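Notes for the structure review
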Amino acid sequence: MIRRISERASCFAKNFPILKSSRFHGESLDSSVSPVLIPGVHVFHCQDAVGIVAKLSDCIAAKGGNILGYDVFVPENNNVFYSRSEFIFDPVKWPRNQVDEDFQTIAQRYGALNSVVRVPSIDPKYKIALLLSKQDHCLVEMLHKWQDGKLPVDITCVISNHGRASNTHVMRFLERHGIPYHYVSTTKENKREDDILKLVKDTDFLVLARYMQILSGNFLKGYGKDVINIHHGLLPSFKGGYPAKQAFDAGVKLIGATSHFVTEELDSGPIIEQMVESVSHRDNLRSFVQKSEDLEKKCLTKAIKSYCELRVLPYGTNKTVVF
């Protein structure tokens, strides 16, 4: 059951007049809304109770802020509450550290499992490292999105178990932008996980941009933060070498890509984003592979953007809420 702002309009009617600058649900925060007011986002996860929405909205209204968008999800037959709000406020009247303190007071009252605020124009961007093997289509997509300012992250380094010549377009791009590239040669017996952990210790999360190595449970525990992966979705499933060729030869009609959190169980972590596309007898192997790779890079980029915008929350043991 999804409860949206329209169903709880009475909670906001007194405090939140309709703004001309209000945006449609799902649009990214834009700091150009006002020369004074800046945007923020808050996510909240706790046991369901009466009055949570009122408390959260009053918190923003009391400081002169306005809500631009609000989403609530209360699962059927499951007494938990999820919300994500986008709001604008004057940082002079409501200092950044006070924003955290005010929402934390509400979090303590309701015993929240998750209460996070981000103010994109003030807060530092998430620091990430990208891991990949031979294929670099996902890396290239992310680098270009990052260069265009469409991926709100700082890329600290690129790590690969595949060496690349210095005159390739990827290496030239990384060198031009001062992004370190680390070639970490791995074997079946030694995946060099300790070396990788040293390289990523200061990151906020990791992205596996087609990294064809399985991360061990010890690595995941040692890192202790989120790791996001992308893999193809060829139906039915094809294992072993060159799955795209296997799928093409089998005449599949639907291909896809899945982005998910990494767990110890291979490719079974909570799903963040999935995309699909039809293929037909008119596709040759080249166009088939191209469509598959296009889905992978789009799916991964969207998942990372959603994660950075606080749209992704854990739900149960192996699900996510994605606002």
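Refer to the preceding data block for the structure.
Notes on the structure in this doc start here. (Residues numbered from 1 in each chain as written. Predicted model: local features only at pLDDT ≥ 70, side-chain atom pairs only at ≥ 80, totals over all residues. Heavy atoms only, no water.)

Observations regarding the overall build of the protein chain
Keep this limit in mind: Secondary structure elements follow DSSP: runs of H or I of four or more residues count as helices, runs of E of two or more count as strands, with numbering from the N terminus. Think of it in three bands: with a 1.4 Å probe and only protein chains considered, a residue is buried below 20% of the maximum accessible area for its type, exposed above 50%, and partly exposed in between. Values of accessible area rely on a 1.4 Å probe in the Shrake-Rupley scheme; residue burial ignores everything except the protein chains shown.
When you go through the protein chain residue by residue, the secondary structure sums to nine helices and 14 strands. Within the protein chain, buried positions represent 47% of all 323 residues. If you sum the accessible surface of the protein chain, you get close to 16,800 Å²; carbon and sulfur atoms cover 51% of it.

Observations regarding the packing of aromatic side chains
Quick reminder of the rule: For this analysis, a ring pair means two rings from Phe, Tyr or Trp (six-membered ring only for Trp) whose centres lie within 6.5 Å, classed as stacked if their planes differ by under 30 degrees, edge-to-face if by over 60, and tilted for the remaining angles. Here, over-ring charges are defined by two tests on the NZ atom of lysine or the CZ atom of arginine: distance to the ring centre within 6 Å, and angle to the ring normal within 35 degrees.
Enumeration according to the criterion identifies 14 aromatic pairs in this entry. Taking 5.6 Å as the distance between ring centres and 85 degrees as the angle between the ring planes, the aromatic pair formed by F73 and Y315 counts as edge-to-face. Placement of the pair is F73 in strand β3 (residues 66-73) and Y315 in strand β13 (residues 312-315), with a sequence separation of 242 residues. The exposure class of F73 is buried, given its relative accessible area of 15%. Exposure remark for Y315: the relative accessible area of 18% places this residue in the buried category. A ring pair is formed by F87 and F89, whose centres lie 5.7 Å apart and whose planes are at 40 degrees; its orientation type is tilted. Assigned by exposure class, F87 and F89 land together as buried. Across the ring face of Y126, the terminal group of R118 is positioned such that the distance to the ring centre comes to 4.2 Å.

A look at the packing of helix α4 (residues 137-147) against helix α9 (residues 285-308)
Using the following cut-off: To get an axis, a line is fitted to the C-alpha atoms, and for a helix only the part in contact is used. The angle between two axes follows their N-to-C directions and goes from 0 to 180 degrees. Working rule for angles: under 35 degrees goes down as roughly parallel, over 145 as roughly antiparallel, 65 to 115 as roughly perpendicular, anything else as oblique. Two helices that cross are described as forming a left-handed crossing if the nearer one is turned anticlockwise from the farther one by less than a right angle, and a right-handed crossing if clockwise. Should any heavy atoms of two residues lie within 4.5 Å, those residues are counted as being in contact. When residues are sorted by character, Ala, Val, Leu, Ile, Met, Phe, Trp, Tyr, Cys and Pro go into the nonpolar class, Asp, Glu, Lys and Arg into the charged class, and all the rest, Gly among them, into the polar class.
Two elements in contact, α4 and α9, have axes separated by 9 Å at closest approach and are oriented at 45 degrees. Judged by the inter-axis angle, α4 sits oblique to α9. When the axes of α4 and α9 are compared, the crossing they make is right-handed. Contacts from H137, C138, E141, M142 and K145 in α4 reach E293, E296, K297, L300, T301 and I304 in α9. Among the residues forming the contact of α4 with α9, the class breakdown is four nonpolar, two polar and five charged.

Concerning the sheet that holds strand β8 (residues 181-183)
What links the strands of a sheet is backbone hydrogen bonding, and the strands pair in either a parallel or an antiparallel sense. The condition is simple: Strands qualify as paired when DSSP identifies two bridges or more between them.
Spatially, the seven strands line up as an open sheet ordered β8-β7-β6-β9-β10-β11-β12, and their pairing is mixed. Either end of the sheet is taken by a strand with one partner, and the two such strands are β8 and β12 (271-278). Adjacent strand axes in the sheet meet at a mean angle of 20 degrees, parallel and antiparallel pairs treated alike. Strand direction decides the pairing type here: strand β10 (residues 227-234) and strand β11 (residues 254-261), joined by seven bridges, are antiparallel. The partner of L234 across the bridge, within β11, is I255.

Some details on the pattern of salt bridges
The condition that has to hold: Whenever Lys or Arg places a side-chain nitrogen within 4 Å of a carboxyl oxygen from Asp or Glu, that contact is recorded as a salt bridge.
Taken as a whole and judged by the stated rule, the model has 13 salt bridges. The partner of D249 in a salt bridge is K245, with the nearest N and O atoms 2.7 Å apart. Here D249 pairs with K245, and both are found in helix α8 (residues 243-250), just four residues apart, close to one helical turn. Looking at K245, the relative accessible area reads 33%, which means it is partly exposed. A salt bridge links D283 to K291; the shortest N-O distance between them is 3.1 Å. Residue D283 is classed as buried on the basis of its relative accessible area of 10%. Put simply, R84, E86, K305, E309 and R311 are held in one network by salt bridges that share partners.

Some points on the packing of α4 against helix α5 (residues 169-176)
Close contact between α4 and α5 brings their axes to 11 Å; oriented N to C, the two are set at 30 degrees. Taken together, α4 and α5 sit at an angle that is classed as roughly parallel. Note on packing geometry: the crossing formed by α4 with α5 is left-handed. Contact residues: L139, V140, L143, W146 and Q147 in α4; H169, V170, F173 and L174 in α5. Residue classes in the contact of α4 with α5 are distributed as seven nonpolar, two polar and no charged.

Examining α8
Selection rule: To be clear, the arc concerns the directions from the helix axis to the C-beta atoms.
Every buried residue belonging to α8 is among P243, A244 and A247, and all of these are buried. For α8, the angular spread of buried residues about the axis comes to 100 degrees, placing them on one side. Looking at the packing, one finds that the buried side of α8 touches β10 and α9. Once α8 finishes, G251 follows within two positions and takes phi at roughly 70 degrees, a positive value.

Section: the pairing of β13
Taken together, the four bridges between β13 and strand β14 (residues 319-322) define a ladder with antiparallel strand orientation. By the bridge assignment for β14, V312 is matched with V322. Linkage of β13 to β14, two consecutive antiparallel strands, is achieved through a turn of three residues, within which G316 is found at a positive phi near 70 degrees.

Digging into the pairing of strand β7 (residues 153-160)
This is how the line gets drawn: Clockwise travel from the first strand over the helix to the second, with the strands pointing away from the viewer, marks a crossover as right-handed.
Buried residues dominate β7, accounting for six of its eight residues. As judged from the seven bridges shared by strand β6 (residues 126-132) and β7, these two strands associate in the parallel manner. Residue A129 lies in a different strand from β7, and its bridge partner there is C157. Handedness of the β-α-β unit built from β6, α4 and β7 comes out right-handed. In the sheet, β7 pairs with β8 via three bridges, with the strands oriented parallel. Directly across from V158, in β8, lies its bridge partner Y181. For the crossover that starts at β7, traverses α5 and ends in the parallel β8, the hand is right-handed.

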